[in-house]
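Residue-level structure breakdown
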Protein chains: 2
Amino acid sequence: MLELTANQWNTIYNVFSFGLISMLACTVYTLVSQSRVLPKYRNALVLSSMVTFIAGYHYWRIFNSFSESSDGYMVATTGAGSFNEGYRYVDWLLTVPLLLVEVVAVLALAKAASSSLITRLVPASAAMIALGYPGEISADDGTKILWGVLSTIPFLYILYVLFVELGKSLDRQPAGVAATIGRLRLLLIATWGVYPISYLFPLLGITGTDAFMYRQIGYTVADVLAKCVFGLTIYKIAKMKSAAEGMSEDK
Amino acid sequence: MLELTANQWNTIYNVFSFGLISMLACTVYTLVSQSRVLPKYRNALVLSSMVTFIAGYHYWRIFNSFSESSDGYMVATTGAGSFNEGYRYVDWLLTVPLLLVEVVAVLALAKAASSSLITRLVPASAAMIALGYPGEISADDGTKILWGVLSTIPFLYILYVLFVELGKSLDRQPAGVAATIGRLRLLLIATWGVYPISYLFPLLGITGTDAFMYRQIGYTVADVLAKCVFGLTIYKIAKMKSAAEGMSEDK
């Protein structure tokens, strides 16, 4: 049981609602904007819609779970009917691989190059999330550290693929695109940094109601940055590339 | 606890329902009308759809919250399960920056000019809303005044950008467009005036059930004007500009 103050409870509640509607609005925006980029970049936009759609579903579930597991401002965190953080892992297991495919899709590389990137990024990202889960649900420090370290191995491999392998294909992109992709990669890494920090909170002795509130805010803000702002940047890249390839909006 | 009369309670309930369906209808209207303007103006229409979609979601939540926090005509305004006005701030935090981007988008200025306006209007409007929140939730007059004044600083900056900076680019717009943009700007300022007035109600000693009802009506009417009527005006401007650039509806 976590006994939150009224302000803590209301802040978490409103932050979840903010996450939910941000994801839904972004889903619709990227879906209806498809015709404004060349057909070969539309798959990247649809993937972005799917990422925010999946995340919107999970925020709806998390919002309801928080509400239903509360009795006044007391939140049940263990036992039947307790607040379910498992939704976050299900969400990441689906959305993190899709986000990486999104980056590769918007580059519209040659088929062989993009297959090679995807077959390495997707399993690595799924492994990263799956290996984090046993540590997240364990109360034992040793177990947490073990699975945390195991999960870091695919994470480092993803960094290698994104910065070294994918970096090689940026030279052939139109002006401005390479710089935007560079910022996109930094956005991904910066926001992913929030997850292991929250994971380590219990190990560092940061527990209690404030830690719970800041973890929920941190996760939500990171999700909005890594999915909505990320998706809008993908859209911007797709538009830049479409314009560079002669698509005009004057007709 | 606010003990409303049957008339007060029913009026608020119906006003929320009016806000909700106005937002949803406007969302659909601007979404399906995209093809009637030139592609370069469609983003302004989609942004308008997103604004009313986000607002529709929040009116749905506000409507439910009002209903669920009521016991007969008694509305709980403090404590667990009380009427949540926080939705309004979450809504404004997302929609006010989007509304300003919408105005810039419909002007279809040169890339550098529109980036420069957006990078100033978006952070200023987010700061304006975020700085208002601590004052809104505080019961202390001094705190309310402090945050109210802080929130006014970005507001004045936005006025400066809209009236001075944006004014400069209106000369190059087709006949009729500059006048409509002028009216749009006045609509924005006039409706935004409702929010600080409601904010000041408790300071002026205007409390009780009538004040509560007029505040909810004022917010809702201001939201419908600032989002629906605003969005329809954006659509009108986009059509005028499309026609001026040779788009014909005769075929």
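Residues numbered from 1 in each chain as written. Chains lettered and ligands numbered in written order. Predicted model: local features only at pLDDT ≥ 70, side-chain atom pairs only at ≥ 80, totals over all residues. Heavy atoms only, no water.

**Overview of the interface of chain A and chain B**
Contact residues are listed per partner, giving 22 residues for chain A and 23 residues for chain B. At the boundary of chain A and chain B, one finds zero salt bridges. Counting every contact that joins chain A to chain B gives six residue pairs in polar contact (both at pLDDT 80 or more). Mapped onto the side of chain A that touches chain B, the elements with two or more residues apiece are helix 1 (6-32) and helix 2 (42-68) of chain A. The residue makeup of the side of chain A that touches chain B, split by class, is 13 nonpolar, five polar and four charged. (Contact = heavy atoms within 4.5 Å. Salt bridge = Lys/Arg side-chain N within 4 Å of Asp/Glu carboxyl O. Polar contact = N/O pair within 3.5 Å; in protein donor to acceptor, adjacent residues only side chain to side chain. Helix = DSSP H or I, 4+ residues; strand = E, 2+ residues; numbered from the N terminus. Nonpolar A, V, L, I, M, F, W, Y, C, P; charged D, E, K, R; others polar.)

**Section: the relation of the copies chain A and chain B**
The transformation that overlays chain A on chain B combines an axial shift of 0.4 Å with a rotation of 71 degrees, and the residual RMSD is 0.1 Å. Here the transformation between the copies is reduced to the relation of a five-fold axis. Among all residues of chain A, the one whose C-alpha sits closest to the rotation axis is Val32 of chain A, at a distance of 8.5 Å. (Least-squares fit on C-alpha atoms with pLDDT ≥ 70 in both.)

**As for the confidence of the model for chain A**
Averaged over every residue, the pLDDT of chain A is 90; residues scoring 70 or more account for 99%. Complex prediction metrics read pTM 0.91 and ipTM 0.88. (pLDDT = per-residue confidence, 0-100.)

**What about the packing of helix 3 (residues 86-107) of chain B against helix 8 (residues 208-244) of chain B?**
Residues and elements named next belong to chain B. Relative orientation of the contacting elements helix 3 and helix 8 amounts to 20 degrees, with a least axis distance of 11 Å. Here helix 3 lies roughly parallel to helix 8, going by the angle between them. Pair helix 3 / helix 8 crosses with left-handed handedness. Facing helix 3, whose interface residues are Arg88, Asp91, Trp92, Thr95, Leu99, Glu102, Val103, Val106 and Leu107, helix 8 presents Gln216, Tyr219, Thr220, Asp223, Ala226, Lys227, Phe230, Gly231, Ile234, Ile237, Ala238 and Lys241. Its residues assigned to classes, the contact of helix 3 with helix 8 shows eleven nonpolar, four polar and six charged. (Axes fitted to C-alpha atoms, helices over the stretch in contact; angles between N-to-C directions. Parallel < 35°, antiparallel > 145°, perpendicular 65-115°, else oblique. Left-handed = near helix turned anticlockwise from the far one by under 90°.)

**Focus on the pattern of salt bridges**
Scanning the entire structure with this criterion turns up 16 salt bridges over all chains. Put simply, Arg215 of chain A and Glu85 of chain A hold a salt bridge, and the shortest N to O gap is 2.6 Å. One end of the pair, Arg215 of chain A, is in helix 8 (residues 209-244); the other, Glu85 of chain A, is in the loop between strand 3 (74-75) and helix 3 (86-107), and 130 residues separate them in sequence. When its relative accessible area of 18% is taken as the criterion, Glu85 of chain A is described as buried. Among the ionic pairs, Glu165 of chain B bridges to Lys168 of chain B, the shortest N-O distance being 3.6 Å. Of this pair, Glu165 of chain B and Lys168 of chain B both sit in helix 5 (residues 141-168), separated by three residues, roughly a single helical turn. One network of salt bridges, with partners in common, ties together Glu85, Arg88, Asp91, Arg215, Asp223 and Lys227 of chain A. (Buried < 20%, exposed > 50% of the residue type's maximum accessible area, 1.4 Å probe, protein only.)

**Concerning the side chain of Ser242 of chain B**
Residues and elements named next belong to chain B. Within the secondary structure layout, Ser242 lies in helix 8. In terms of polar contacts, Ser242 uses its side chain to reach the backbone amide nitrogen of Leu38, at 3.0 Å. When near neighbours in sequence (up to four residues on either side) are disregarded, Ser242 contacts Val37, Leu38, Tyr41 and Met247.

**What to know about the sheet that holds strand 2 (residues 70-71) of chain A**
All names here are of chain A. Taken together, three strands build an open sheet; the order of strands is 1-3-2 and the sheet is antiparallel. For this open sheet the edge positions go to strand 1 (2-3) and strand 2, each flanked by a neighbour on one side alone. In this structure, strand 2 lies alongside strand 3, joined through two bridges in antiparallel fashion. Bridging from a neighbouring strand, Asp71 pairs with Met74 of strand 3. (Pairing = 2+ DSSP bridges.)

**Details of unusual backbone geometry**
All names here are of chain A. Here the phi dihedral of Ala108 falls at roughly 45 degrees; this positive angle occurs in a residue that is not glycine. In this structure, Ala108 sits in the loop between helix 3 and helix 4 (111-137). The partly exposed category is assigned to Ala108, whose relative accessible area is 34%.

**Things to note about the nonpolar core**
With 141 residues, the main nonpolar core has Phe66 of chain A together with Phe66 of chain B as its most contacted residues. If sequence neighbours within four positions are ignored, Phe66 of chain B has contacts with Leu4, Trp9, Ile12, Tyr13, Phe16, Val75, Phe83 and Phe212 of chain B. (Core = buried A, V, L, I, M, F, W, Y, C linked by side-chain atoms within 4.5 Å.)

**Focus: the packing of aromatic side chains**
Residues and elements named next belong to chain A. Throughout the structure, instances matching the rule amount to 36 aromatic pairs over all chains. Seen in terms of ring centroids, Phe16 and Phe66 are 5.5 Å apart; in terms of plane orientation they differ by 85 degrees. Their pairing is edge-to-face. One end of the pair, Phe16, is in helix 1; the other, Phe66, is in helix 2, with 50 residues separating them in the sequence. Taken together, a centroid distance of 6.1 Å and an interplanar angle of 25 degrees make the contact between Phe16 and Phe83 stacked. Taken together, the positions of Phe16 in helix 1 and Phe83 in the loop between strand 3 and helix 3 put the pair 67 residues apart, joining distant regions of the chain. Residue classification places Phe16 among the buried residues on the basis of a relative accessible area of 0%. (Phe/Tyr/Trp six-rings, centres within 6.5 Å; stacked < 30°, edge-to-face > 60°.)

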